[in-house]
Structures are given as C-alpha cells and as structure tokens.
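# An overview of the molecular structure
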Amino acid sequence: RPDAPLPGLCEHLVAELARITSYPEPAAERLVALIACRESVAPDNVLVTNGATAAIYQLAQAWSGRRSRVVIPTFSEYEDAARVHGHALEFYTWRELAADANAVARPGEILWLCNPNNPTGEVLARAELLAFIDDHPEATFVIDLAYAAFCEAEPLRAGDAVARGNLVLVHSLTKNFGMPGLRLGYLVASAAVLREVARFTVPWSVNALAIAAGEYCLRHDSRLALPLRDYLTDARRFAVALGAIPGVEVMPSATGYFLVRLARATAAQLKADLIAQHGLLVRDASNFRGLDARTIRVASQGPEKNTLLIAALSQWMQLH
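Now for a quick tour of the structure. Model, not experiment: these values are computed from the prediction. Along each chain, residue indices are assigned from 1 in the same order as the chain's sequence is written. For this predicted model, a pLDDT threshold of at least 70 governs which residues receive local features, and a threshold of 80 or more governs which side-chain atom pairs are given and counted, while totals over whole chains, interfaces and linings are taken from all residues. Heavy atoms throughout the structure, all of them, feed into the side-chain values; hydrogens and water do not.

## Focus on unusual backbone geometry
Across the junction of Ile-72 and Pro-73, the peptide omega takes the value -5°, indicating a cis bond. Strands here mean DSSP runs of E at least two residues long; helices mean DSSP runs of H or I at least four residues long; both are numbered from the N terminus. The residue Pro-73 is located in the loop between strand E2 (67–71) and helix H4 (77–84) in this model. Omega for the bond connecting Asn-118 with Pro-119 falls within 30 degrees of zero, at 25°, which places this linkage in the cis form. With respect to the secondary-structure elements, Pro-119 resides in the loop between strand E4 (110–114) and helix H6 (126–135). We note that Ala-28 has phi near 50°; this positive angle belongs to a residue other than glycine. Among the structural elements, Ala-28 can be located in the loop between helix H1 (6–15) and helix H2 (29–39).

## Section: the nonpolar core
Soluble, globular proteins show a tendency: their nonpolar side chains are buried together. If you look at the biggest cluster of nonpolar residues, it comprises 50 residues, and the most contacted ones within it are Val-48, Leu-97, Phe-141 and Leu-167. Sort the elements by how many residues they give to this core and helix H10 (residues 208–219) lands first, with eight residues. Working rule for contacts: check all heavy atoms of both residues, and any pair within 4.5 Å makes them a contact. Among residues more than four places away in sequence, those in contact with Val-48 are Ala-28, Leu-31, Val-32, Ile-35, Leu-184, Gly-185, Tyr-186 and Val-206. One finds Ile-56, Val-70, Tyr-78 and Val-168 within the second-largest nonpolar core, a separate group that totals 25 residues. As used in this record, nonpolar core signifies buried Ala, Val, Leu, Ile, Met, Phe, Trp, Tyr and Cys residues forming a set joined through side-chain atoms within 4.5 Å. The rule is simple: take the accessible area with a 1.4 Å probe, protein chains only, and divide by the maximum for that residue type; under 20% is buried, over 50% is exposed, in between is partly exposed.

## Some details on the sheet that holds strand E5 (residues 140–144)
Ordered in space as E1-E7-E6-E5-E4-E2-E3, the seven strands form an open sheet in which the pairing is mixed. Edge positions in the open sheet fall to strand E1 (46–49) and strand E3 (88–92), since each of these has one partner strand only. Averaged over all adjacent pairs, the angle separating strand axes in this sheet is 20°, with direction ignored. In this analysis, strands are considered paired if DSSP registers two or more bridges between them. In this sheet, E5 lies alongside E4 in parallel orientation, the contact comprising five bridges. Counted as the bridge partner of Trp-112 is Val-142 from E5. Here the axes come from fitting lines to C-alpha atoms, over the contacting stretch only for helices, and the angles between their N-to-C directions go from 0 to 180 degrees.

## Some remarks on the sheet that holds strand E10 (residues 283–284)
An order of E8-E9-E11-E10 is seen for the four strands of this open sheet, with the pairing classed as antiparallel. Each edge of the sheet is formed by a strand with only one pairing partner; in this case those strands are strand E8 (248–250) and E10. Relative to strand E11 (residues 295–299), strand E9 (residues 257–262) is paired through five bridges, and the arrangement is antiparallel. The residue of E11 that forms the bridge with Leu-259 is Arg-297.

By themselves, these figures tell us nothing about what the structure is for.
Here it is, written out as structure tokens:
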C-alpha cells in the first residue's frame, strides 16, 4: 500500500509499549471478538494468526498428508507449506480446473486459491466461486483474500465460510493497513474446521503489539481504509503508460498490481539494472510456477513513483 496511515498507528503503539512487559492473550481473544463482530460471525469462527502465511502453514499442518491442488500461477507458500507437511501436490490453472469435472472430486482434497490472485491480479466472481465450491462438497477450499481490499469486486463473505464445512478464508490485516512487519492475519471458517486447525496453534503466537495494532486499525477502519477509487485510478494510468512502451506488454488486472512481459532480455536482468541504476525494485516473477523468465510484477506506488519507473523502463527497453 503506497499511502499507509502509519503516523497515527505508530503513536498508538508507542503509547501501548508497556504491553510487552506481559504475555499477550494466548489466542488474541479480544482481537478475535473484534473481528467476529466486524464479520458478523461468532468468535468460534475466527482464528487470529501471526500473519496470513503462518495461517497457510497451520492449515497445511492440520491436514498433513492430504492431496493438495494449487491454482497457478500463484503465491508459492501454498505449495511450500503443503510440501513441508507431506501433501501430494498437483497444479492447475483455473480454466483447467473448471473444465475438469473430476479435478477436485476426491474426498479430503485441499484446493488452494488466491482471489484476487497474486501475482496476476485476476479476480473470480463470488457467485462463480461459490457455485464451484458447492459442486465439490467433498473437497476443502482455502481461499486467500489477502488482497481483497485492493479491488472493487465483491469478495467472499465470512458467512459464506461459516455456512459451509468445506471453505476456509485467509485474511491479512497487514496489507490493508501497510504494516507487514507486524505479522497479523486471521482465518474464518466453520467452528468445526477451526477447532481442528486450532489444535496446531502455538500459545502466545501473536505478539502484544501486533494485537494492539490490529485493534487500533479495526476500530479506526473507516478513517484508515485504502482510498480505493484513487488507488485504482492511479494504477490504471500506470498500466496504460507502461503498456505504451515498445516491447512491454501489460497483463489485465483488477487490482493495483499486475504482470508485465518483456519482449527482450529477462526479468532478472531488468531487476538488477533498475536497482543499480535507479534504486527501483520490481518483482522478478520468473519463479512463479507457470510464468517465464521475461515476466515481472509491479505495483502502483502513486503518480510520482510510478513516473520514475515508467521513465526508467522506457530507457532500459531502448537499450535492450
């Protein structure tokens, strides 16, 4: 997030610093209650974690030894977590998965999907997802909503997960509010599913200052929320300007981040040169399963910083 409201949060955390002299709540109970109220579900339907990635690993551990299907290209931690915990892994694009009636038909399977997807920025409609989930009640769906606040599409709701025994929603609180160093996320699912997952929760796994930050951000959400319309307007202008550079192809995205394909040279070369010559960092996306060595991911950082990258990439493409 390019405009994270950090000053107020930092002042709050300074005022709460004395919290570190005591243990935090074992399972972040007060924050759980606050999230449950916000999501209109019971506290038993919420599990707070030390970041969304920790939640992903905890889910893989709770279901160790299962078969997992990962919708690619996507965040590598689904695959990594599943592999660490002995899952048999298979990989599909969404089109392949939706076209194969037997793709998730085996009991006990886990399907991992990011929506909006990282790194593509693609979004599947809520109705389409729910229809697919309901057509495969024998599989468990883990839907990562970490970037839901960064697009206008209607996300899956907490009630969608609570009403189903085969749907788990992964949320991040750090991306929305620009505080990734604090590590804070949560799961929403049926009480039965979360009881199973909670067996693998380490006591005091969410630290006191992360809990304090989460409480502050949720209580001031209306003031701290991302100005989505302005953010997406900047992102779309950014994408159009990048796409006008000869040799640069911008992939469609519903969010403020998107993939860019280079006609010449590689993402690794571009990344190294931009850092060395301009102090700018882009994501070499070649290590996402399903993408190639000429793909980068970029994210809108506001008009001024976006202009720096547009100029630098234009210059670089002329030389390569």
